[in-house]
Amino acid sequence: MAVMMSAFSFLLTAQPAARVSFNEGWTFSKDGVTKVVDLPHDWGVDGPFDINYPGETGKLAWWGKAEYTKTLTVAEPVEAAEGPLRYFLDIDGAMSWAKVYCNGNLVTEWPYGYASFRADLTPYIKVGDNEIKITLDNPEESSRWYPGGGIYRNVWLTAAPDIGVAHWGTYMTTKGNKATLQISLRDSGEPVKGIVRTEIFEYEGNTVIAFAETLVESITDSTIVTQEFDLTGAARWSPEHPSLYRAITTVFAGQPLEPGRVHSRVAPRQGSGLAAAEYGLSSTAAPADEEYVTIFGLRDIEYREDGIYIDGVKTFLKGVCLHHDAGALGAVWNNTAWERRLKMLKEMGCNAIRTSHNPPAPELLDLCDRMGFVVMDELTDTWTIPKKPNGYALLFNDWADKDLVAMIHRDRNHPSVILWSIGNETGEQGYPDLYHIPAHLTEICHTEDPTRLTTFGSDNPWASEQEFRNTMDIYGFNYKPHLYSKFHEANPGKLYLGSETASTISTRGVYFFPIEEDPRGKEFSEKDFQVSSYDLHTVPWGQIPEQEWELEDANPTCLGEFVWTGYDYLGEPTPYNRDLTILTNFHDPETKAKAEKEIAEKGVVSTPSRSSYFGIIDLAGFPKDRYWLYQARWSDKTVLHVLPHWNWEGREGEVTPVHVYTNCDKVELFVNGESKGTLDRADKQYRLRWDDVVYQPGKIEAIGWKDGKKVASETVKTAGPASKIKMSLEKGFGVGDIYYIDVKLTDKKGIFNPRACDELKFCVKGPGEILAVDAGDPTCLTPFHSDKIKAFNGLASVIIKTKPGSKGKIIVTATSEGLKKGKIRIKV
């Protein structure tokens, strides 16, 4: 059998290793425009921003109908020596209401855009050219945030003999040093005898450390084979040491020579398989799948009243919520982009991810397995009560069970996954006659995976006192830390956590004066649609970090928290997605006057905000000040971070508070060499404040002490006008894929200018091209697919994509009027 397609090597959990990428060369058609694209593809992020779109859309047109077509050429008969071949198309995610056709025949459909699913092309495949078509119908008003549009995750093709391992057909569980593998098989339509062989290797090793073979008298679609392994001495998986193993399963099938019985032969710590004849199979027995790989880790999880324990070690959840877009890449999955994101979170001290509010790309869980994160894997944002007219409520009754089972079967081998979340802030919390819904979802989770518990993100205080609290195993509070103690006292032994916390809002590098102390106050100084980065503002329902931490510390039975959010994301630009036809929402005189004129002319203010302000890290991947506040609490690193910057022309002689985020015992602050005093840090305090500092140009310096020794210092200097462009390649990312280049504007002495917003233009020579640009400004409407961007508070980012199959040097140049150009070389 020969199939014309491009090969792609990638180690994934529980997938046939023989499958290949089917991403290249699709013809995309939408709104009368046709072009050739490679998957993953998000048509929304391709388009220009439109200031007139609602903020929740990300100002991008992700809705509409489209189709993708591609030719699959089968060059030889669709039957091989070992029997008929079957052709499967695995789609990791298509937004949304996807239908798959082969040669004009409807093969399957799956409407939920976040679900992964399989299309069996076999009945419609012929020798020669076969047209594969995928249609999408992504309705407007279907999401509260930017969902993207298109086949935005990977697509895979597998051509395999009839008999083999079923789709997501392995289920590995571990207890102590024992591992148990359940293998679901698919048949050829007629029961046949077969051998199922599994070999276990270290993740990157070639030595077999455990081995099992099982004879199956009759392989049918309902056949499940169970194999057990002794892995004494194998390394354990934990967030600190995420050791992984590969289980490679092969199915041999053939006509039986003589009747036999089902039995297993297990040989721990050794290798070679047995001859087919030993099991009574003919010599023509052949592997059904070349190999089926299951990646797993050895760890025991205990859900105790005082915490989650991994192999006996208490693991407090220091987590963040993440939407599925990757900033300027939109919803498109890219492994390099997400490895970069997770690495930054890991360095902050984060150890947990909540996939809010949907099943993630499967590769995200592969990265979490390898990098040592635990995961709350979430089904949906909506049940039967709509949040949006065309949202998941339209699907729930017909599809929720299927979507949940698909998510669990796909993801249950991941050692990183420790919780199934059955939903988020659904309206059914308030209706006891609908509590059968979460109870049913929890029952499905327990049936499909008895090893993990369920949770839910609840924003309804009343529901926590109703029977609703018992429809999931662990109660999740969204922004209700004040209820932790009351809930624990009323429900002794019932587990709970902060499923969504804080919702602090800020813009990187923006500071407004005077500091406003009311975290939920409306006096945001809404100039230029930004929010001050003193990290003292939140939404009406939220908290600043210290408020959440105080109540976590007062309630040691709290399992942990998931901060909203780790990164800024497209859409939902609170506080600038509210009604902007009311002039009392504007407090800055200049902004208010502009708004009054615009309302008089158009009846509404055109709000430019297209991405959120919630992130600890901005949309371009630059940390906000809050990053170091969480790092001071969550990590073992010595942290000392000074804010704000010290470029305040026009504020000379005015009070300009200085804050330091730190876990040092004490800190002394100097302004232009003069000490402003030493502050001792109280236990569980991570912000020190000098609120009476008066600004004068020069420098501020903080010195941190631990155990009587100087351990850290940071200096912030006043910069002159921007004079130079400095470019640096982010290390550790982009091996033959994409490269992130950070751009920084400095004065002539090389001092970073934190207020420079010069427009930058990029030029690329060699085997690369600009994939996207961004600078982290939530109001910037320059298209991501552009060769220019205005720096935002001194920084910008350009993402370079390598041209397939090319070698050489990529030269990237950045220019701006009046500035010394920047240049960087990348060796491909």
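Owing to the predicted nature of the structure, the values given are computational and were not obtained by experimental measurement.

Reading guide: rules and limits
Residues numbered from 1 in each chain as written. Predicted model: local features only at pLDDT ≥ 70, side-chain atom pairs only at ≥ 80, totals over all residues. Heavy atoms only, no water. Axes fitted to C-alpha atoms, helices over the stretch in contact; angles between N-to-C directions. Helix = DSSP H or I, 4+ residues; strand = E, 2+ residues; numbered from the N terminus. Parallel < 35°, antiparallel > 145°, perpendicular 65-115°, else oblique. Contact = heavy atoms within 4.5 Å. Nonpolar A, V, L, I, M, F, W, Y, C, P; charged D, E, K, R; others polar. Pairing = 2+ DSSP bridges. Core = buried A, V, L, I, M, F, W, Y, C linked by side-chain atoms within 4.5 Å. Buried < 20%, exposed > 50% of the residue type's maximum accessible area, 1.4 Å probe, protein only. Phe/Tyr/Trp six-rings, centres within 6.5 Å; stacked < 30°, edge-to-face > 60°. Lys NZ or Arg CZ within 6 Å of the ring centre and 35° of its normal. Patch = residues over 30% accessible without salt bridge, like charges linked within 9 Å, V, L, I, M, F, W, Y side chains within 5 Å. Areas by Shrake-Rupley, 256 points an atom, 1.4 Å probe, with all protein chains shown as cover. Salt bridge = Lys/Arg side-chain N within 4 Å of Asp/Glu carboxyl O. Lys, Arg positive; Asp, Glu negative; His and termini not counted. Charge placed at Lys NZ, Arg CZ, Asp CG, Glu CD. Left-handed = near helix turned anticlockwise from the far one by under 90°.

J.: Just to check I follow, could you spell out the packing of helix α2 (residues 335–348) against helix α9 (residues 626–634) for this structure?
T.: Helix-helix packing is characterised by the crossing angle of the two axes and by the distance between the axes. Relative to each other, α2 and α9 sit at 55°, their axes nearing to 8 Å. Our classification of the angle between α2 and α9 gives oblique. Contacts from Met344, Glu347 and Met348 in α2 reach Tyr627, Tyr630, Gln631 and Trp634 in α9. Looking at the contact of α2 with α9, its residues break down into five nonpolar, one polar and one charged.

J.: Would you explain the sheet that holds strand β24 (residues 307–310) in this entry?
T.: Within a sheet, neighbouring strands are paired by backbone hydrogen bonds and run either parallel or antiparallel to one another. Taken together, the three strands give an open sheet; going across it, the order is β23-β24-β25, and neighbouring strands pair in antiparallel fashion. Among the strands making up the open sheet, the edge pair consists of β23 (301–304) and β25 (313–314). Relative to β24, β23 runs antiparallel, the two being bridged by four bridges. Within the sheet, the bridge partner assigned to Tyr303 lies in β24 and is Ile308.

J.: Mind showing me how you'd approach the nonpolar core here?
T.: Nonpolar side chains tend toward joint burial in soluble globular proteins. Membership of the largest hydrophobic core comes to 178 residues, with the highest contact counts inside it found for Leu89, Leu121, Val320 and Leu345. The leading source of residues in this core is helix α4 (residues 396–411), at seven residues. Residues within four places of Val320 in sequence aside, it is in contact with Leu345, Met348, Cys350, Ala352, Ile353, Arg354, Phe562, Val563, Gly566, Ile616 and Trp634.

J.: Help me understand the packing of aromatic side chains, please; the structure alone is not making it clear to me.
T.: The description of an aromatic ring pair rests on the distance of the ring centres and on the angle between the ring planes. This model, assessed by the stated rule, comprises 36 aromatic pairs. Measuring from centroid to centroid gives 6.4 Å for Tyr569 and Phe614, while their planes differ by 10°, and the two rings are stacked. Of this pair, Tyr569 sits in the loop between β33 (560–564) and α8 (589–602) while Phe614 sits in the loop between α8 and α9, placing them 45 residues apart in sequence. Judged by its relative accessible area of 1%, Tyr569 is buried. Residue Phe614 is classed as buried on the basis of its relative accessible area of 2%. One aromatic cluster in this structure is built from Trp383, Tyr435, Phe456, Phe468, Tyr475, Phe477, Tyr484, Phe487 and Tyr496. Over the aromatic face of Tyr567 sits the side chain of Arg341, whose NZ or CZ is 4.1 Å from the ring centroid. The residue whose ring lies beneath Lys346 is Phe373, and the NZ or CZ to ring-centre distance is 5.0 Å.

J.: How do you make sense of the side chain of Asp742 when you look at a structure like this?
T.: Among the structural elements, Asp742 can be located in strand β42 (residues 738–746). Residue contacts for Asp742: discarding those within four places in its chain leaves Arg340, Phe622, Lys726, Met727, Ser728, Glu730 and Ala796.

J.: Any chance you could explain the environment of Lys717 here in plain terms?
T.: Note on placement: Lys717 falls in strand β40 (residues 709–717). Residue Lys717 is classed as partly exposed on the basis of its relative accessible area, which comes to 44%. Separated by 18 residues in sequence, Lys717 and Lys699 place their C-alpha atoms 4.2 Å apart. Not counting residues up to four positions away in its chain, the partners in contact with Lys717 are Trp646, Asn647, Gly698, Lys699 and Ile751.

J.: Would you explain a positive patch on the surface in this entry?
T.: Taken together, Lys765, Lys809, Lys821, Lys823, Arg825 and Lys827 make up a surface patch of like positive charges. Here the positive patch takes three residues from strand β48 (residues 822–827), the largest share from any one element. Checked against the element boundaries, Lys809 lands in strand β47 (residues 809–815). Judged by its relative accessible area of 54%, Lys809 falls in the exposed class.

J.: Help me out: how do you make sense of the packing of α4 against helix α5 (residues 436–448) in this one?
T.: For the pair α4 and α5, interaxial distance at closest approach is 10 Å and the crossing angle is 30°. With respect to each other, α4 and α5 are oriented roughly parallel. You can see that α4 and α5 cross each other, and the crossing is right-handed. Together, Phe396, Asp401, Leu404, Val405, Ile408 and His409 of α4 and Ile437, His440, Leu441, Ile444, Cys445 and Glu448 of α5 make up the contact between the two elements.

J.: How should the pattern of salt bridges be read in this particular structure?
T.: Where side chains of opposite charge bring their charged atoms close, a pairing between them can arise. Summed over the entire model, instances satisfying the criterion amount to 33 salt bridges. A salt bridge links Glu730 to Arg340; its shortest N-O distance comes to 2.7 Å. In this pair, Glu730 is assigned in the loop between β41 (724–729) and β42 and Arg340 in helix α2, connecting sequence segments 390 residues apart. For Glu730, a relative accessible area of 13% translates into the label buried. Owing to a relative accessible area of 3%, Arg340 belongs among the buried residues under this scheme. In this structure, Asp553 engages Arg633 in a salt bridge whose closest nitrogen and oxygen atoms are separated by 2.9 Å. With Asp553 in helix α7 (residues 545–554) and Arg633 in helix α9, the pair connects residues that are 80 residues apart, well separated along the chain. Taking relative accessible area as the criterion, Asp553 reaches 31% and is therefore assigned partly exposed. The exposure class assigned to Arg633 is buried, which follows from its relative accessible area of 16%. Three or more residues joined by partner-sharing salt bridges are found here, namely Arg144, Asp381, Lys387 and Glu572.

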